[in-house]
Amino acid sequence: MIEPTADSLMIDGRSLALSDIKPVARRYHRVILDPAAEPRIKASREAVERIAAAGVPTYGVNTGLGALSTRAINAADLRTLQHNLLRSHAAGTGPPLDVDVVRTVMLIRANSLAHGKSGARTIVVQRLLDLLNAGVTPAIPSQGSLGASGDLAPLAHLGLVLTGEGRVMDFDGAIVDAASTLDRAGIEPLMLEPKEALALINGTAVMAGIASLALLDAIQLLRSAILVGAMSAFAIAARREPFDRRMHEARPHPGQTRVAAIIGSLLGPLSDDHRATSRVQDPYSVRCIPPVLGAALDALQPLEAALEIEINSATDNPLVFAESDEALSGGNFHGHPLALPIEYAKVAIASVGNITERRIALLMDGEEYGLPAFLVANPGVNSGYMIAHYLTAGLVAENKILAHPSAVDSIPTSANIEDFNSMGTTGARHLEEIIRNVERIVAVEALCAAQACDLRSIYPGGVLAGGYETVRAMVPPLDADERIIADDIETIAQLVRTGRFARLIEEEIEKL
């Protein structure tokens, strides 16, 4: 038994928090099964064994699956069924999911089985944790799930690894056979018992895993966007009235009020050097930062609430109720409770990219603000950030396609037994892509805002100074077309991705 340490997480099937995910997914914290969960797991397993022994046709225990559920399976074939199920359902394609996503999937699936309604043995839960703790990452293709009956195809690729089949990713990203990797890690392959293969694959762990990391990244991205938007507002000497507390008390949406307070604190009053302006109002992309980014912040709350429930739920089919020896067939595997808030989050983050691109465009054509065309000296000879802006326009256009709602695009399968599917995993993947795109859009704005400060020889103080200095610590001012802009963008995008900008305003957020 693994003893708990300061860097370990104990799961019991019912109390996993979203904040627990990143340390396991990205910092390789160890995961331990709470001994208190073991009696529940054991009881559900014993109920499955009694049901199987009784010979009463029970979906998922001694019958075929989907449209084949009317086919009875002989007791002698029940073990064979488990391995056939994994092999036949491992039909995914596309690039493999990222390592941190797969680690999140394993964590969520183990926690769901630990809930004690799936009928799998304790060893199945423990083997998932063994993979996590040994750093063994199954290679799960990113495409193939319909979001009901759960994430069948991708989870089958995960399940195969537990049996010594399938493939894993090594630390160099290469795809290799699972058997030799398990052997080197000292992990013994499992022979699955009746119902266990179905318990592994018939759940929402992939869509929940992708969406959980995406949500955490989206919250971090929004904080970065607030800081960088405030940097641009400072650089053009934006008017301060749009961030006045009284404005937002008159329309007290929580996110709007919060964002206005943060930006008002970051900007402070106009300095004497900033006061000389004839502008009565700034464009929407500046003065409407609070209602737009605030609304995006609020739009993430339904997804957060849904995930907090989902990652602590039993999401397979049938569910086993040990107290009555019943295996009840239903639809807890259906991804719609996640699919809908995922769509809202997609639109929210895409809109963050839209308004950010508009501020970049404002800085490109910044004569009114005392800025040269495209933020570079001697424009014409130099193109400056012209094409960096093109990049953001292209990413915004791509996000409009990715934000199309997957959840309204069901396709029936399995001879119309599975006649309405959620497409929630596709939506989650698209949310992740939108976030990656907006990280780059925000990175371009950070570069442009810092450049505008340099060109106007005005420099912020306080937290905004930290934002400016974070950019300049990695990328010098652009005096001429003397280097490849793509390298600068990727350097700053990595800072956005790792939370360097977001952490700068955490103290401001905590004050509110």
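Residues numbered from 1 in each chain as written. Predicted model: local features only at pLDDT ≥ 70, side-chain atom pairs only at ≥ 80, totals over all residues. Heavy atoms only, no water.

Let us now look at the overall build of the protein. Counting its regular elements, the protein contains 21 helices and nine strands. Computed over its C-alpha atoms, the radius of gyration of the protein comes to 26 Å, within 12% of the 24 Å expected for a compact globule of 512 residues. Reported as C-alpha extents along the three principal axes, the dimensions of the protein are approximately 85 × 50 × 45 Å. Per-residue burial for the protein yields a buried fraction of 56% across its 512 residues. Within the protein, counting contacts between residues at least 6 apart in sequence, those at least 24 apart form 80% of the total. Side-chain charges in the protein split into 44 positive and 61 negative, and the spacing between the mean points of these groups amounts to 2 Å. (Helix = DSSP H or I, 4+ residues; strand = E, 2+ residues; numbered from the N terminus. Rg over C-alpha atoms; globule rule 2.2 N^0.38 Å. Buried < 20%, exposed > 50% of the residue type's maximum accessible area, 1.4 Å probe, protein only. Contact = heavy atoms within 4.5 Å. Lys, Arg positive; Asp, Glu negative; His and termini not counted. Charge placed at Lys NZ, Arg CZ, Asp CG, Glu CD.)

This brings us to helix α17 (residues 424–456). Taking 1.5 Å of rise per residue, 33 residues should cover 48 Å, and α17 covers 47 Å from first to last C-alpha, within 8% of that figure. Where burial is concerned, most of α17 is hidden: 29 out of the 33 residues are buried. (Expected span 1.5 Å × (residues − 1).)

This part takes up the environment of Arg 456. Tracing the sequence through the fold places Arg 456 in helix α17. C-alpha separation for the pair Arg 456 and Gly 370, spaced 86 residues apart in sequence, amounts to 7.0 Å. For Arg 456, the side chain forms a polar contact with the main-chain oxygen of Tyr 369, separated by 3.2 Å. (Polar contact = N/O pair within 3.5 Å; in protein donor to acceptor, adjacent residues only side chain to side chain.)

This part covers the pattern of salt bridges. Using the criterion set out here, one finds 24 salt bridges in the structure. Where Asp 316 meets Arg 109, a salt bridge forms, and the shortest distance between an N and an O atom there is 3.7 Å. In this pair, Asp 316 is assigned in the loop between α14 (301–310) and β8 (319–321) and Arg 109 in helix α4 (residues 99–114), connecting sequence segments 207 residues apart. What makes Asp 316 buried here is its relative accessible area of 1%. Residue Arg 483 pairs with Glu 482 through a salt bridge whose shortest N-O separation is 3.6 Å. Connected through salt bridges with shared partners, the residues Lys 22, Arg 26, Asp 100, Asp 217, Arg 436, Glu 439 and Arg 497 form a single ionic network. (Salt bridge = Lys/Arg side-chain N within 4 Å of Asp/Glu carboxyl O.)

Let's shift gears to α14. All buried positions along α14 are accounted for by Leu 303, Ala 306, Leu 307 and Glu 310. Viewed along the axis of α14, the buried residues span an arc of 100°, placing them on a single side of the element. (Arc of directions from axis to C-beta.)

Another point: unusual backbone geometry. Ser 149 follows Ala 148 through a cis peptide bond whose omega is -5°. Take Ser 149: it is sitting in the loop between β5 (141–143) and α6 (152–162). In the segment running from Asn 317 into Pro 318, the intervening peptide bond is cis, with an omega of 0°. Within the fold, Pro 318 resides in the loop between α14 and β8. The residue Met 423 is not glycine, and still its phi comes out positive at about 55°. With respect to the helices and strands, the residue Met 423 is situated in the loop between α16 (386–402) and α17. What makes Met 423 buried here is its relative accessible area of 8%.

Looking now at the packing of helix α9 (residues 205–235) against helix α18 (residues 462–474). For any two helices packed against each other, one specifies the inter-axial angle together with the distance between the axes. Running from N to C, α9 and α18 point in directions that differ by 100°, and their axes come no closer than 10 Å. Judged by the inter-axis angle, α9 sits roughly perpendicular to α18. Across from Leu 227, Ala 230, Met 231 and Phe 234 in α9, the residues of α18 making contact are Val 463, Leu 464, Gly 467, Tyr 468 and Val 471. (Axes fitted to C-alpha atoms, helices over the stretch in contact; angles between N-to-C directions. Parallel < 35°, antiparallel > 145°, perpendicular 65-115°, else oblique.)

Spatial relationships are all this shows, so hold off on functional conclusions.
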